[in-house]
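# Examining the three-dimensional arrangement
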Amino acid sequence: MEQQQQKERKRLRLVLFPLPAQGHINPMLELATILHSKGFSITIIHINFNSPNPSNHPHFTFHSIPHGLPDHMLKPTTGSGTKDVISIITHLNITTVEPFRECLTSNALDDDEPVACLISDAMFHFTRAVADSLKLPRLVLRTTSATSFNVFPAFPLLLQKGYLPVQDSRLEEPVVEFPPLKVKDLPVIETQYPEKFYELISRVVSETKASSGIIWNTFEELEQSALDSIANQLSIPMFPIGPFHKYNLAYSSSSFLVEDQSSISWLNTQPPNSVIYVSFGSVAVLSETEFLEIAWGLANSNLPFLWVVRPRSIHGSEWLELLPNGFLESLRGRGHIVKWAPQQQVLAHLAVGAFWTHSGWNSTMESICEGVPMICKPSFIDQNVNSRYVSHVWKVGVKLENGILERGDIERMITKLMREKEGEEIRCRVSKLKDMAISCLKHGGTSYKYLDSLVNHIHSLAH
Ligand code: UDP
């Protein structure tokens, strides 16, 4: 019946425009794979840094546009990392306007198949004006949790009430408008120019409100109240069709770094449910002290660990030079460190018993989908909110509350999760959530139905 409908409908093209960051490219390309399976042709317009590899996705058409950023913004410096994220996104919203418009008019739209709509990363707020000027309908993909996005429209109120900018003396205060969030959980980032950040968020919210709908990599059962609240405030259709990576489709990797397959062969040598997998995503950076506390916390836990240390993700160092001589050797095979792992495969491995994460949304969803309990150490923006929900609402993990990482705290958290009753209860809850995440993709499940309505919505936009 579905195939019949696909045949009868005119083939339409979709233009997708991801933000050039790992946590944004991955879900955008997964979404592209899902929509391609629904009979749409796919064009990806991408910026010429952190570009996806077209040869991994032979069914899609790719167009590259110049980023136009000054060199110093992109130069990899040791332990750089989070400091320029906001400036880069703010700049890209200016420098790519004309190249994006030109690409749409000269390449992407010039095709036998009519373009039904643009699907833009929500952080590219400028795409609203460009799409409007070309009379092209625009949907947005929001790659974070709905729960964290739900706080953004309230920024003016939070500023007025003095919660923002966040002050160190108020970190532990509850934000009564958003229980159970505390001031330290608000979705902000440490920056020299907080006004720039508030301005960016305000534009993202207003241009999202002006879109034809939001696509979410989440499922309704997990975030119903935030999804309802956003729908009420923005009055646009919502399509929570996640978890994206769990549709039964052949996805190709969109990793920028090489996925080290020794992660899997090493996991094959470990007992079931024994390993702590540690990764803080593609952007977060650590201080030298934090790095060493983590190393000793893991070593002292006496449990096996697989640790992703991205090159240049530790201040003042290229990779592992700061580890004491003979550190790994002294653990006699109990620890394995890689530069980048095939994370979804790692989390699905039977040997993995817990995930110590920075609580990025993709990582959080990937952990839930494999029923892996989490230890959360958030760095910024949505990660703060996600980690509070993981530990206090969904109760599928524990959160390192102390702002300063200490080996003793780390060891205690690991013990709590891996060896104590509370850990068992957490494991039981995350396993139930995993079942829920998988059922919602099945025939009649919530994400299954939302995907159907998204497909119909896109067809209706094309008329
Ligand atoms: N990831 C990976 N290998 C690694 C670390 C991360 O493939 O060693 C992937 C992970 O599966 C996720 C993405 O990178 O899909 C990170 O996204 P997330 O939203 O968790 O964090 P971000 O990098 O945006 O902070």
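Residues numbered from 1 in each chain as written. Predicted model: local features only at pLDDT ≥ 70, side-chain atom pairs only at ≥ 80, totals over all residues. Heavy atoms only, no water.

## Here we look at the packing of helix α17 (residues 407-419) against helix α18 (residues 421-439)
When two helices pack together, their arrangement is given by the angle between their axes and by how far apart the axes lie. Stated precisely, the cut-off is as follows: Helix axes use the C-alpha atoms of the stretch in contact, all axes being lines fitted to C-alpha atoms, and the angles between their N-to-C directions lie in the range 0 to 180 degrees. Each helix is a run of H or I in the DSSP string that is no shorter than four residues. Each strand is a run of E no shorter than two, and both are numbered from the N terminus. Any two residues whose heavy atoms approach within 4.5 Å at even a single point are treated as in contact. Gly counts as polar in this scheme, as do all residues outside two lists: the nonpolar Ala, Val, Leu, Ile, Met, Phe, Trp, Tyr, Cys and Pro, and the charged Asp, Glu, Lys and Arg.
Packing of α17 against α18 leaves a shortest axis separation of 5 Å and a crossing angle of 60 degrees. In this structure, α17 uses Lys-416, Leu-417, Met-418 and Arg-419 to contact α18, whose residues at the interface are Lys-421, Glu-422, Gly-423, Ile-426 and Arg-427. Counted by class, the contact of α17 with α18 contains three nonpolar, one polar and five charged residues.

## What about the sheet that holds strand β10 (residues 335-338)?
Under the convention used in this document: If DSSP finds at least two bridges between two strands, the strands pair.
Across the sheet, six strands lie side by side as β10-β9-β8-β11-β12-β13; this open sheet has parallel pairing. Looking along the sheet, the strands with just one partner apiece sit at the ends: β10 and β13 (397-399). In this sheet, neighbouring strand axes are inclined to one another by 15 degrees on average, regardless of whether the strands run parallel or antiparallel. As paired elements, strand β8 (residues 275-279) and strand β9 (residues 305-308) share three bridges and run parallel to each other. Bridge pairing links Tyr-277 to Leu-306 in β9. Relative to β13, helix α16 (residues 382-392) is tilted by about 125 degrees, and along the sheet it contacts β12 (374-376) and β13.

## Looking at the sheet that holds strand β3 (residues 61-65)
Strand order in the open sheet formed by seven strands is β3-β2-β1-β4-β5-β6-β7, with parallel pairing between adjacent strands. Edge strands, defined here as strands with exactly one partner in the open sheet, are β3 and β7 (238-240). Neighbour to neighbour, the strand axes of the sheet diverge by 20 degrees on average, direction disregarded. For strand β5 (residues 138-142) and strand β6 (residues 214-216), the ladder comprises three bridges, and the chain directions are parallel. Of the residues in β6, the one forming a bridge with Arg-142 is Trp-216.

## With respect to the confidence of the model for the protein chain
To keep it simple, the criterion reads: Summary of the metric used: pLDDT quantifies the predictor's per-residue confidence within the range 0 to 100.
Within the protein chain, residue pLDDT values average 95, and 96% of them lie at 70 or more. Overall fold confidence for the complex sits at a pTM of 0.97, while the interface term, ipTM, reaches 1.00.

## Brief notes about the side chain of Ser-41
Selection rule: For every residue, the accessible area (1.4 Å probe, protein chains only) is compared with the maximum for its type, and the residue is labelled buried under 20%, exposed over 50%, or partly exposed between those bounds. Polar contact is defined as a pair of N or O atoms within 3.5 Å, subject to the rule that within protein one atom must be able to donate a hydrogen and the other to accept it, and that residues adjacent in sequence are counted only when both atoms are side-chain atoms.
By secondary structure assignment, the location of Ser-41 is in strand β2 (residues 41-47). The exposure class assigned to Ser-41 is buried, which follows from its relative accessible area of 7%. Side chain to side chain, Ser-41 and Arg-11 meet in a polar contact 2.8 Å long. In this structure the side chain of Ser-41 is engaged in a polar contact, spanning 3.0 Å, whose partner is the side chain of Glu-113.

## Some thoughts on the pairing of β8
We apply this condition: Classification remark: right-handed applies to a crossover when, strands pointing away from the viewer, the course from the first strand over the helix to the second runs clockwise.
Extensive coverage of β8 is indicated by the burial of five of its five residues. As paired elements, β8 and strand β11 (residues 352-357) share five bridges and run parallel to each other. Residue pairing in the sheet places Ser-279 in a bridge with Thr-357 of β11. For the crossover that starts at β8, traverses helix α12 (residues 288-301) and ends in the parallel β9, the hand is right-handed.

## Looking at the nonpolar core
Quick note on the threshold: Take the buried residues of types Ala, Val, Leu, Ile, Met, Phe, Trp, Tyr and Cys, join any two whose side-chain atoms come within 4.5 Å, and each joined set is a nonpolar core.
In terms of nonpolar packing, the biggest core is built from 92 residues, with Phe-17, Phe-100, Phe-155, Leu-158, Phe-197, Leu-267 and Tyr-277 touching the most fellow members. With six residues, helix α9 (residues 194-209) is the single largest residue contributor to this core. Sequence-distant contacts of Phe-100, defined by excluding residues within four places in its chain, comprise Phe-17, Ile-45, Ile-65, Leu-118, Phe-126, Thr-127 and Val-130. Formed by 32 residues, the second largest nonpolar core is a distinct cluster that contains Ala-295, Leu-298, Leu-323 and Trp-356.

## Examining the site of the ligand
Let me state the cut-off plainly: The near set for a molecule or strand comprises every residue that places at least one heavy atom within 4 Å of it. Areas reported here follow the Shrake-Rupley algorithm with a probe of radius 1.4 Å; residue values treat only the protein chains shown as occluding.
Taken together, the neighbourhood of the ligand is formed by 19 residues, with Ser-282, Ala-341, Asn-362, Ser-363 and Glu-366 sitting nearest. In the environment of the ligand, an oxygen atom lies 3.1 Å from a nitrogen or oxygen atom belonging to the side chain of Asn-26. Within the side chain of Trp-340, one N or O atom sits 3.4 Å away from a nitrogen atom of the ligand. A total of 540 Å² of accessible area belongs to the ligand in isolation, and the protein chains cover 94% of it. Elements that contribute at least two residues to the shell around the ligand include exactly α2 (22-37), β8 and α15 (361-369). With four residues, the top contributor of residues to the shell around the ligand is α15. Per-class residue counts for the shell around the ligand are five nonpolar, 13 polar and one charged.

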